[in-house]
Structure formats: structure tokens, C-alpha cells
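Next come the chains, spelled out residue by residue.
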Amino acid sequence: MKPQIIFAALVTLFAVRSYGYCSRNEKQPEDVIFELYQAIHEINSCYSTVLAKKESELLEINQLLRRSLTLEEKVNYLVRKEEVQDEISFIHQSNLNDVSKIRYLKGLQIIKILYEKVLSLDHHFSSVRTFSEISKIANPNQYPEYDKLKELLANKRDKKTAFEFNSLLGINPIASVIQTITSMVTSSLSKDDKEKELVKVECILDFSLRMQNDLNTIYFETAFLQTSNDRIKHDIEILFKEYTKPIGYSATLESCRTNDDWENITMKMGEYLTRMKSASGQSQYKMQVNLDFPVDRLLQFISQYNYFIDQGGRFYEKFSIILNSYENQKQCDSKLAIEYKKLKADINIAIEKFNVAYKPVEINGTKMKEILYGLNEFEK
């Protein structure tokens with residue numbers, strides 16, 4: 001079979017296979033990497049068989065050339081030798097083109113999957129309860145029982161000696177508690193009434209004073225994670241732009257996703273390979289580099305994504321430890337805000353998502369070489 005026919009058949013075969021990234025059945029990056037691993041093995045094996053036949057033919061021609069006696073025979077063998085060498089060179093280049101294509105398209109599929117994960121994370125951080133409810137948990141002024149106590153003490157205070165903080169200090173948790181305790185001590189309430197009223201809010205005061213700094217830690221570190229995810233989202237959009245630039249695709253990642261325009265990229269890729277096949281020398285080499293370099297950048301992004309996901313998982317595990325560290329949790333469970341329990345539940349869900357839905361991309365050294373260089377460990 002002629003190399004040209006094999007080349008055309010393999011291009012068609014793997015072009016069809018690569019449409020898998022348009023499937024609605026979402027895969028994990030590891031699945032795509034394994035598919036790439038197998039595809040490169042099939043490509044290299046197919047070309048290796050054809051190449052072995054051509055090299056065997058070249059060896060036979062060299063032997064015949066050494067034994068030839070007439071000038072005509074030598075010329076014929078030399079001409080055929082040059083033809084076979086050209087065919088071998090073409091097979092090598094075709095092999096390289098097919099490997100480059102499958103690496104490129106599978107890399108694109110990985111970008112698509114990771115972008116969906118990043119968007120899901122963006123939604124997660126936008127809806128997380130931490131930002132809207134942390135103040136309700138950490139500030140006693142947000143608890144109805146505490147408001148009732150302040151109102152009672154306001155009615156029982158000594159008008160001549162009592163004082164009241166302005167609006168700024170009044171909403172400050174620590175200043176508010178100091179004023180409330182002071183007002184209780186100087187109020188006209190009896191000792192029994194004071195103790196009775198204090199019991200109603202003791203869990204609220206104890207929790208907010210003990211946990212305020214820790215809850216603020218959760219607030220600010222969650223804000224840091226959200227900012228980091230915004231950066232990851234920006235970086236993958238830039239990666240897509242640089243990834244598709246060599247083949248002449250100009251739409252943004254968001255636009256491509258919205259319009260389901262992935263098939264158009266495959267067409268652009270086919271056109272680019274056709275131009276590269278007809279090029280030669282330095283021009284062809286430059287086109288090859290322009291195709292391979294974006295895949296290297298994808299691997300760098302995967303490392304960045306993995307670090308962020310690993311970091312996020314560790315942050316949420318720390319948040320869980322913080323929320324479960326309140327030593328009077330059992331005693332005060334019924335008195336604490338519902339937002340506290342919801343936040344604990346959200347943190348547990350987030351830990352599960354970071355371990356399962358957003359988990360780092362597992363890629364070992366062997367498969368890393370596979371993606372970078374198109375080498376296959378099956379080939380010995």
C-alpha cells in the first residue's frame with residue numbers, strides 16, 4: 001500500500017475519532033490522555049509496519065547495487081534507491097503529522113473539559129454561603145436573642161450614668177458585647193433576672209467571641225480562592241487563544257463553547273495540516289513547531305490547575321477543622337445560627353467536589369513524554 005494512501009486513511013480515521021470532544025458525555029482529562037496514548041501507539045505501529053518494508057527494500061537495493069555489473073543496472077538501482085529514500089522520508093513526515101494532529105485535538109478536548117470545571121468552580125464560589133452569611137455567624141448583633149437583650153437593657157439603664165456607642169461602634173461585635181455587659185451590670189435588673197437573661201445569650205456570645213477570628217480567616221481565604229479561580233479562568237481563555245491561533249481560528253473560548261463551534265476547529269486543523277504537508281524545509285519545520293508549542297503550554301496549564309485544586313482542597317479541609325473546633329458545640333448546638341450548620345455542610349460538599357469533580361489531572365511521567373514528544377512506551 002502506498003504511503004499516500006495510508007496517510008489519507010489515518011487522517012480520516014483519527015479525524016473521526018477526534019470528534020469525541022464534541023460529545024455531550026463528559027470525560028475526564030485522564031480518559032482523553034489514555035485515548036491519546038492508545039492512538040499514538042496505533043499510529044506509530046501502522047507506520048512502523050510500512051516503514052519496515054521500505055527499509056527492507058532499501059537494504060535489498062543496496063545489496064543489488066553492490067552486485068550489479070552493468071552501468072544501466074547501477075543507474076536503475078540508484079534511481080529506485082532515491083525513490084525509496086523519498087518514500088521513507090514521506091512516511092516519517094506523515095507519521096509526525098498524524099501524531100501532531102491527534103496530540104493537538106486531544107489537547108483541545110482537555111482544554112474543553114478543564115474549562116467546564118473552571119466554570120463550575122466559578123459558580124461554586126459565586127454561590128458559596130461564606131460571603132453573605134459569615135457576618136451573621138460571627139456577629140452577635142445578628143442574633144434576635146441578643147437584640148432583645150439589648151432592647152431590655154436600654155429600658156432598664158440609668159439615664160444619668162448610662163452611655164451608648166454611636167452607630168459605627170454599635171455594630172462592632174466586641175464593642176457591642178462590652179457595652180451590653182456593662183449595661184447589664186449597671187442596670188436595674190435583679191441578680192436573678194440578670195443571670196436569666198445572660199443564660200439566653202451566653203452561647204451566642206461565647207461562640208462569636210471565640211470563633212470570630214477563625215471565621216474571618218475562612219472569609220478572607222475563600223475570597224483568595226475565588227480570586228485565584230478568576231485568574232485560572234483568564235489563563236485558560238488566553239491558552240485557548242494561543243492554542244488555536246496557529247491554525248487560524250480567532251473566536252474566544254467562551255464564544256466557541258456557547259456556539260458549539262468545536263467542529264470548525266477540526267476543519268481548520270485539517271486545512272493547516274494540508275498546508276504543512278505541501279510546505280518544505282524551514283517553512284514546514286516552523287509550522288510543525290507552531291503546532292507542537294501550544295501543547296507544551298497546555299501541560300504547563302495543567303500543572304497550574306492541579307496546584308490550584310490541591311490548594312483549594314487543603315483550604316476547605318482546614319475550614320472544616322476550624323468550624324468543628326468550637327469546644328462548646330454540643331452544649332450550644334440548639335442556640336447557634338442555622339447559617340453555621342449550613343456553612344459546615346457547604347464546606348463538606350466543597351471538600352467532596354475538590355476531591356472528585358474538580359480533582360487534579362493525573363498524568364504520570366510516561367504519559368507526559370507521550371504528550372510532549374509523541375513517544376510511546378509500547379514501542380521498543
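Given the structure is predicted, the values throughout are model-derived calculations rather than measurements.

(A) View of the overall build of the protein. When helices and strands are tallied, the protein shows 14 helices and 0 strands. Secondary structure of the protein in N-to-C order comes out as α-α-α-α-α-α-α-α-α-α-α-α-α-α. Sorting the 380 residues of the protein into buried and exposed places 42% on the buried side. Of the roughly 20,600 Å² of accessible surface on the protein, 53% is carried by carbon and sulfur atoms.

(B) Seen up close, the side chain of Asp-98. Within the secondary structure, Asp-98 sits in helix 3 (residues 71-127). For the buried Asp-98, no salt bridge exists, and the shortest N-O distance to an oppositely charged side chain is 6.9 Å, to Lys-101.

(C) Summary view of helix 13 (residues 338-355). Compared with an ideal rise of 1.5 Å per residue, which puts 18 residues at 26 Å, helix 13 spans 26 Å between its outermost C-alpha atoms and is within 8% of the ideal. The set of residues buried in helix 13 consists of Glu-339, Tyr-340, Leu-343, Lys-344, Asp-346, Ile-347, Ala-350, Ile-351 and Phe-354. One side of helix 13 holds all its buried residues, which, seen down the axis, span an arc of 165°.

(D) Representation of a nonpolar patch on the surface within the structure. Taken together, the side chains of Leu-71, Val-75 and Val-79 present a nonpolar region at the surface, about 280 Å² in accessible area. Along the chain, Leu-71 turns up in helix 3. Look at Leu-71 and you get exposed, because its relative accessible area is 67%.

(E) Up close: helix 5 (residues 144-156). With 13 residues, helix 5 extends 19 Å from end C-alpha to end C-alpha; this agrees with the ideal 18 Å at 1.5 Å per step. Those residues of helix 5 that fall on the buried side of the exposure criterion are Tyr-146, Leu-149 and Leu-153. When helix 5 is viewed along its axis, its buried side chains cluster within an angular range of 55° and face the same direction. Every exposed residue of helix 5 that faces more than 90 degrees away from the buried side is listed here: Pro-144, Lys-148, Glu-151 and Asn-155. The secondary structure elements touched by the buried residues of helix 5 are helix 7 (173-186) and helix 8 (191-244).

(F) Geometry of the packing of aromatic side chains. Enumeration according to the criterion identifies 11 aromatic pairs in this entry. Taken together, a centroid distance of 5.0 Å and an interplanar angle of 70° make the contact between Phe-207 and Tyr-340 edge-to-face. Of this pair, Phe-207 sits in helix 8 while Tyr-340 sits in helix 13, and the two are 133 residues apart along the sequence. Exposure remark for Phe-207: the relative accessible area of 0% places this residue in the buried category. Judged by relative accessible area, Tyr-340 falls into the buried class, the value being 1%. Plain terms: the ring middles of Tyr-316 and Phe-354 are 5.4 Å apart, the flat faces sit at 35° to each other, and that makes the pair tilted. Here the residue Tyr-316 occupies a position in helix 11 (residues 281-323), and Phe-354 occupies one in helix 13, the gap between them amounting to 38 residues. Looking at Phe-354, the relative accessible area reads 2%, which means it is buried. Taken together, the ring pairs in this structure connect Phe-224, Phe-315, Tyr-316, Phe-319, Phe-354 and Tyr-358 into an aromatic cluster.

(G) The arrangement of the packing of helix 11 against helix 13 in detail. At a closest axis distance of 9 Å, the pairing of helix 11 and helix 13 adopts a crossing angle of 150°. When the axis of helix 11 is compared with that of helix 13, the two are roughly antiparallel. Classified by chirality, the crossing of helix 13 by helix 11 is left-handed. Here Ile-309, Gly-312, Gly-313, Tyr-316, Glu-317, Phe-319, Ser-320 and Leu-323 of helix 11 come into contact with helix 13, specifically with Tyr-340, Leu-343, Lys-344, Ile-347, Asn-348, Ala-350, Ile-351 and Phe-354. Broken down by class, the residue content of the contact of helix 11 with helix 13 amounts to 10 nonpolar, 4 polar and 2 charged.

(H) A look at the state of the cysteines. Using the criterion set out here, one finds 1 disulfide in the structure. Between Cys-203 and Cys-332 runs a disulfide, and the two sulfur atoms are separated by 2.1 Å. The disulfide joining Cys-203 to Cys-332 has a torsion of about -75° about its S-S bond and is therefore left-handed. Linking Cys-203 in helix 8 with Cys-332 in helix 12 (residues 329-332), this pair joins segments that are 129 residues apart in sequence. The same class applies to Cys-203 and to Cys-332, which are both buried.

(I) Broad picture of unusual backbone geometry. Its identity is not glycine, yet Asp-260 carries a phi of approximately 50°, on the positive side. In this fold, Asp-260 is placed in the loop between helix 9 (253-258) and helix 10 (262-278). Residue Asp-260 is classed as partly exposed on the basis of its relative accessible area of 38%.

(J) The nonpolar core, seen in detail. Among the nonpolar cores identified, the biggest contains 75 residues, and Phe-207, Leu-215, Phe-240 and Tyr-316 are the most heavily contacted of them. Setting aside its immediate chain neighbours within four residues, Phe-207 contacts Ile-137, Tyr-143, Gln-212, Leu-215, Tyr-326, Leu-336 and Tyr-340. Listed in part, the 14 residues of the second largest apolar core include Ala-39, Ile-40, Tyr-47 and Val-50.

(K) Summary view of the packing of helix 10 against helix 11. Running from N to C, helix 10 and helix 11 point in directions that differ by 150°, and their axes come no closer than 9 Å. Viewed along their axes, helix 10 and helix 11 adopt a mutual orientation that is roughly antiparallel. As helix 10 packs across helix 11, the resulting crossing turns out to be left-handed. Between helix 10, through Met-269, Tyr-272, Leu-273, Arg-275, Met-276 and Lys-277, and helix 11, the contact on the second element is made entirely by Gln-284, Met-287, Gln-288, Asn-290 and Leu-291.

Quick notes on the rules
- Residues numbered from 1 in each chain as written.
- Predicted model: local features only at pLDDT ≥ 70, side-chain atom pairs only at ≥ 80, totals over all residues.
- Heavy atoms only, no water.
- Helix = DSSP H or I, 4+ residues; strand = E, 2+ residues; numbered from the N terminus.
- Buried < 20%, exposed > 50% of the residue type's maximum accessible area, 1.4 Å probe, protein only.
- Areas by Shrake-Rupley, 256 points an atom, 1.4 Å probe, with all protein chains shown as cover.
- Lys, Arg positive; Asp, Glu negative; His and termini not counted.
- Salt bridge = Lys/Arg side-chain N within 4 Å of Asp/Glu carboxyl O.
- Expected span 1.5 Å × (residues − 1).
- Arc of directions from axis to C-beta.
- Patch = residues over 30% accessible without salt bridge, like charges linked within 9 Å, V, L, I, M, F, W, Y side chains within 5 Å.
- Contact = heavy atoms within 4.5 Å.
- Phe/Tyr/Trp six-rings, centres within 6.5 Å; stacked < 30°, edge-to-face > 60°.
- Axes fitted to C-alpha atoms, helices over the stretch in contact; angles between N-to-C directions.
- Parallel < 35°, antiparallel > 145°, perpendicular 65-115°, else oblique.
- Left-handed = near helix turned anticlockwise from the far one by under 90°.
- Nonpolar A, V, L, I, M, F, W, Y, C, P; charged D, E, K, R; others polar.
- Disulfide = S-S within 2.5 Å.
- Core = buried A, V, L, I, M, F, W, Y, C linked by side-chain atoms within 4.5 Å.

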